[in-house]
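Residue-level structure breakdown
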Amino acid sequence: MNDREDFTLIGRTVLRREDSYLLRGLGQFLDDLPEPNGLIHIAFVPSPYARASILSIDASAALALPGVIAVLTGKDFEGDVKTFAPEIVIDGYREVRRPVVAVDRVNFVGESVAVVLAESPYVAQDALELVEVEYDPLPAVAGIEQSLAADAPVIHEKLGDNLLFKTRFETDGFEQHFAAADLVLEEEFRTGRVTGVMIEPRGCMACPDPVADNFTLWTTTQIPHIVRTAIADHLGMAESALRVAAPAVGGGFGTKAHVYPDELIVVALARRYRRAVKWVQDRREDLLTNIHAREHVLGIQVAVNRDGIIGAVRLDVRTNAGAYPNHPYSCTLEATAAVRMMPGPYKIRNYKYDVCSVATNTAPTGAYRGTGQPSAFLAIEGMMDRIGRKLGIDPAEVRRRNVVRPEEFPYVNVVGVRYDTGSYLPSLERGLEMIGYDAFRKAQPKDRMVDGKYRGIGICNYTEVSGTGAPGWRVRGFAKMPGFDSSRLVIEPDGRITVYVSQADAGQGHYTTFAQIAADRLGARWEDVNVIEGDTSKTPYGTGTFASRGSVVGGGTIIRCSEKVAVKVRRIASYMLDIDPERLVLTKGRVCDKDDPVKGLSLRDVAETAYSMNNLGLPQGEEHGLEATDYYDPPMVTMANGTHVAQVAVDPEDGRVEIERYAVVHDCGRVINPMIVAGQVHGATAQGIGEALMEEIVYDAEGQHLNANLLEYLLPTAMDVPDIDLAHIETPSIDTVAGIKGAAEGGVTGALPALANAVADALSGLGVNITRVPLRPSFILEQIRKARGQVPG
Amino acid sequence: MILEGEWLIPIDRRTVWRALNDPEMLRVCIPGCQSLEKHSDTEFASSIKAAVGPVNATFHAKIGLTDIDPDRGYTIVGEGKGGAAGFARGKAKVDLEDDGEGTRLSYRAEVNIGGKLAQVGSRLIQGTARKLSEQFFRCLTEELSAGSGKPTPEQPAATAAAPSSTNASLVWVVAAILAVAAIGWWFAG
């Protein structure tokens, strides 16, 4: 082993080991897995109607096609698979269950009405077109207002209306505090409907064990343990008989952190036919049926004093749940996220919210990077600018006056969330400095017009919920969300290390960062640590990878587990060396006397003793082996934070927004690998840019999905993403293991409001009021022309 | 969605009317039209083959007529199914009036579309619809002009543009409407 190796690995950039195979095209994704003999390929017949009764399904032409095995309808699954629903326990929630394949009624375009089983994927696709379904179309609702209208068709008739979830909150004496402030500003913000658009759509393959009654489900998931529990529950199987494993997964972003009906279906069919069953999604199905997100309407009223200090906030949030609740977050995730996160980095002590989630004839919505937070910060950060404009105070100064200051931590916010540490003010100041805020403002003319373009600047100062533990999930009604994650760490007989983690990587770099963490704590080389995850048969139980929890909870459990193993290493080494274990340290691949490093042993020497591979015995009472298991349930949440500042130019000729400068200050506590954190910030910022400027799934009033393709669902490309000037501040958490906070979502949360505010600032001279995203050129041009008194063209 | 448009046919209405009674000519002029069948005095079926971008479909339309007034117009109620490609249904009010020497045809249709065509074809539909409706009217005009011995005039500027729809329109919807309109004349004649 190299004596000059620096073993302080947490906080150091090392190159991602997974890139050596991913970049060479050697990653084994779902569709790269070897196919078992006798594999059945399935395809789903999608409903063309948003709401209709199914009158008849004629599969005779499809069945006549050579290679078609069967065509099954919803009724064919009724005995096999329970209707689908998560367990949510929260006031104001009304349960709706979803058949895995529609029975008698379809409720959104793309909902499966039949499943084709065939010998090849091509035959399955051809057969799809031959299945004749007769529908009786029914009136449908697509939008939130439509769904809440008094005469709206009721989607789930037993409920009596379309309200799936409704809750409220109010601090003591709210109305008094609200009335006491000098003035009230009011606005209604809207966010567009978006989705994750992973580079790899979803897919799954269920394989029966040839000799026992066991099954393996390969699936593109971020949450293998939760998938296993859900399938076992809905199919009446033993959890021990099912292995759920994720191969290499090409992006998740929350979209793959759900359990989907197809995952239940392939296992049910594998059980019925005793053959392997595979399904791979295409891009249209991705955009049509995978979880969508956002589409929020946020009415906000801010009672503010003349000095710009907020006295009270009233928030009314309405979210579009789609046709059915998703599994496992139902329809409460974005709703509760938006209202609970809105106070953000600001000292808002008087707060009232009303929030609801409504059923519509659209695809189910759920978790997508940022969950509720981009919308919440669009509202509160938008109001910061409005307060500034109204009172003639610089918007940065309004934020300074309201933000939780460094000396005020730990701070418990108005809904009871503890902010253990944070750098809200330093982060804001740093961001302003990086973009040259003061100079820009000084030079900015009142009409914002410089060189033929309107130029503006926008700020978002955000907090980012990360590493949510069990209490954080319970308080939001998620009765069966474990919250913890776990690891098993083994020092093998050769002294090298294997760590099994309950998480599932979708490109985040776990195989590198988790190795860094274990190596750091065991004084080993990170190259000697092998990370195994995403497989319920290999790792202990856990929650999985979403909601910025990988590094906090996965990293935390590995640290704890490493320390448990280190105790045993010291005990055995102490016996071998006859040195007090308290005097022993693990460093540079050795365990040695902290004052006299020559006195020591290699990890391998200790491991050989532990595995009985030499003539030395173990101390009395010591068991063989050198491993430990750890379950880590983190605090309710740990709050990361940051600031995005965007400078944009809006072209009045074509309505295009050009991002001229972009600064991000990011604080995720203890950084494990700065390069990977930067990658998270860049990627999430790009997605925030997409959501702010171009991405939107469009449904018409009849519930028809009008852009289930990537020509018309616009994603940001390298042409749209500017150079991002990035600075890290490290304010370690005092509540989590090693001070780690999450890093994955802040980019989206920061970018969306910063860009909306920048465009609003640029057009403020014209009197244009920006209250919604996406800000596409056609929309902006229309606003400019209206403001200039020109006929919209 | 609403589809609206009008077309000047430089032939007198009586000639237009008579010509439109010829089902063979309609089959020729309706782009992609494979059949027109009369099921009853007010019920018809038509098959139209249409391609929009990546979506190919044979569109089976059921058509009904109401408010028939052979000289002035009628309302067409239609529903078409393209199987896996999706569906269209709607109604169209068609008016026919004299315009100088010629005939002015105007229509206003309310149409609902759905399925794959809506999902992946929206961007391509406008252009295709424009092309196909031009084809139909040009064909009709040429057939009639040839019959009457008159030269084919330039299209009036007002009608050279696509039907002025407020939304993205669908080629097969337009085709269906045209088929319906044509059947209407044929029947009414």
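Refer to the preceding data block for the structure.
The model shown is predicted, which means the values in this text are computed figures rather than measured ones.

With respect to the overall build of chain A
A tally of helices and strands in chain A yields 20 helices and 31 strands. Over its C-alpha trace chain A gives a radius of gyration of 28 Å, about what one expects of a compact globule, namely 28 Å for 793 residues. In terms of overall dimensions, chain A has a C-alpha envelope of 90 × 70 × 50 Å along the principal axes. Taken over 793 residues, chain A has a buried fraction of 63%. In chain A, 80% of the contacts between residues at least 6 apart in sequence involve partners at least 24 apart. Averaging the locations of the 81 positively and 105 negatively charged side chains of chain A gives two centres separated by 3 Å.

Some thoughts on the nonpolar core
Soluble, globular proteins show a tendency: their nonpolar side chains are buried together. Residues and elements named next belong to chain A. Counting residues in each nonpolar core, the largest one holds 171 residues, and the members touching the most others are Ile42, Leu217, Ile300, Tyr351 and Val650. Those residues in contact with Ile42 that lie beyond four places of it in its chain are Val115, Val116, Leu117, Ala124, Ile265, Val266, Leu269, Val277, Lys278 and Trp279. Ala515, Val531, Leu601 and Ile740 belong to the second-largest nonpolar core, a separate cluster that totals 44 residues.

Considering the sheet that holds strand β6 (residues 132–137) of chain A
Residues and elements named next belong to chain A. The three strands are arranged β4-β2-β6 in an open sheet whose pairing can be described as antiparallel. Of all the strands in the sheet, just β4 (105–106) and β6 have a single pairing partner and so form its edges. Where strand β2 (residues 52–58) and β6 come together, six bridges link them in antiparallel fashion. In the sheet register, Ile57 faces β6, and the bridge partner there is Val133.

Details of the sheet that holds strand β23 (residues 497–501) of chain A
Picture the strands of a sheet paired through backbone hydrogen bonds; they go either parallel or antiparallel. Residue and element names in this part refer to chain A. Strand order in the open sheet made by the four strands is β24-β23-β22-β28, with mixed pairing throughout. Looking at the sheet topology across the chains shown, the edges are occupied by β24 (529–533) and β28 (627–632). Direction aside, neighbouring strands of the sheet carry axes that sit 15 degrees apart on average. Across six bridges, the pairing between strand β22 (residues 485–491) and β28 is antiparallel. Note on β28: the bridge partner recorded for Asp485 is Tyr632. Across the sheet, helix α16 (residues 550–577) touches β22, β23 and β28, and the angle it forms with β28 is around 145 degrees.

Quick look at the pairing of strand β29 (residues 638–650) of chain A
All names here are of chain A. Taken across its 13 residues, β29 has 13 buried, putting it largely inside the fold. Residue alternation in β29 divides its side chains into two sets, Thr638, Ala640, Gly642, His644, Ala646, Val648 and Val650 and Met639, Asn641, Thr643, Val645, Gln647 and Ala649, and both sets are buried. In terms of strand pairing, strand β21 (residues 453–466) meets β29 through 13 bridges, oriented antiparallel. Across the sheet, the residue bridging to Gly456 is Val648, located in β29. Bridging between β29 and strand β30 (residues 657–667) involves ten bridges; their strand directions are antiparallel. Of the residues in β30, the one forming a bridge with Thr643 is Val665. What sits between the antiparallel neighbours β29 and β30 is a turn of six residues, in which Gly655 has the positive phi angle 75 degrees.

Focus: the interface of chain A and chain B
Taken together, the contact pairs 17 residues of chain A with 16 residues of chain B. Carbon and sulfur atoms make up 49% of the area that chain A and chain B hide from each other, which totals about 1400 Å². When residues of chain A are sorted by the area they lose upon contact with chain B, Tyr49, Arg284 and Glu712 of chain A head the list and together hold 34% of the total. Joining chain A to chain B, the criterion identifies one salt bridge. Of the charged contacts, one joins Glu129 of chain A and Lys116 of chain B as a salt bridge, the two residues approaching to 3.8 Å between their closest N and O atoms.

Quick word on the packing of aromatic side chains
Residues and elements named next belong to chain A. Applying the stated rule across the entire model yields 17 aromatic pairs over all chains. Between the aromatic rings of Phe44 and Trp279, the centroid separation amounts to 5.4 Å while the plane-to-plane angle is 75 degrees, which identifies the pairing as edge-to-face. Of this pair, Phe44 sits in strand β1 (residues 40–46) while Trp279 sits in strand β13 (residues 277–280), placing them 235 residues apart in sequence. Take Phe44 and Trp279: they sit in the same class, and that class is buried. Ring plane angle 50 degrees and centroid distance 6.4 Å describe the contact between Phe484 and Tyr541, whose orientation is recorded as tilted. Here the residue Phe484 occupies a position in the loop between α14 (470–474) and β22, and Tyr541 occupies one in the loop between β24 and α16, the gap between them amounting to 57 residues. Taking the relative accessible area as the measure of exposure, Tyr541 reaches 24% and is therefore partly exposed. One aromatic cluster in this structure is built from Tyr329, Trp473, Phe478 and Phe546. Between Arg272 and the ring centre of Phe77, over which it is positioned, the NZ or CZ distance is 5.6 Å. One cation-aromatic arrangement involves Arg772 over Phe779; the distance from NZ or CZ to the ring centre is 3.9 Å.

Cut-offs applied
- Residues numbered from 1 in each chain as written.
- Chains lettered and ligands numbered in written order.
- Predicted model: local features only at pLDDT ≥ 70, side-chain atom pairs only at ≥ 80, totals over all residues.
- Heavy atoms only, no water.
- Helix = DSSP H or I, 4+ residues; strand = E, 2+ residues; numbered from the N terminus.
- Rg over C-alpha atoms; globule rule 2.2 N^0.38 Å.
- Buried < 20%, exposed > 50% of the residue type's maximum accessible area, 1.4 Å probe, protein only.
- Contact = heavy atoms within 4.5 Å.
- Lys, Arg positive; Asp, Glu negative; His and termini not counted.
- Charge placed at Lys NZ, Arg CZ, Asp CG, Glu CD.
- Core = buried A, V, L, I, M, F, W, Y, C linked by side-chain atoms within 4.5 Å.
- Pairing = 2+ DSSP bridges.
- Axes fitted to C-alpha atoms, helices over the stretch in contact; angles between N-to-C directions.
- Buried area = accessible area lost by both parts, 1.4 Å probe.
- Salt bridge = Lys/Arg side-chain N within 4 Å of Asp/Glu carboxyl O.
- Phe/Tyr/Trp six-rings, centres within 6.5 Å; stacked < 30°, edge-to-face > 60°.
- Lys NZ or Arg CZ within 6 Å of the ring centre and 35° of its normal.

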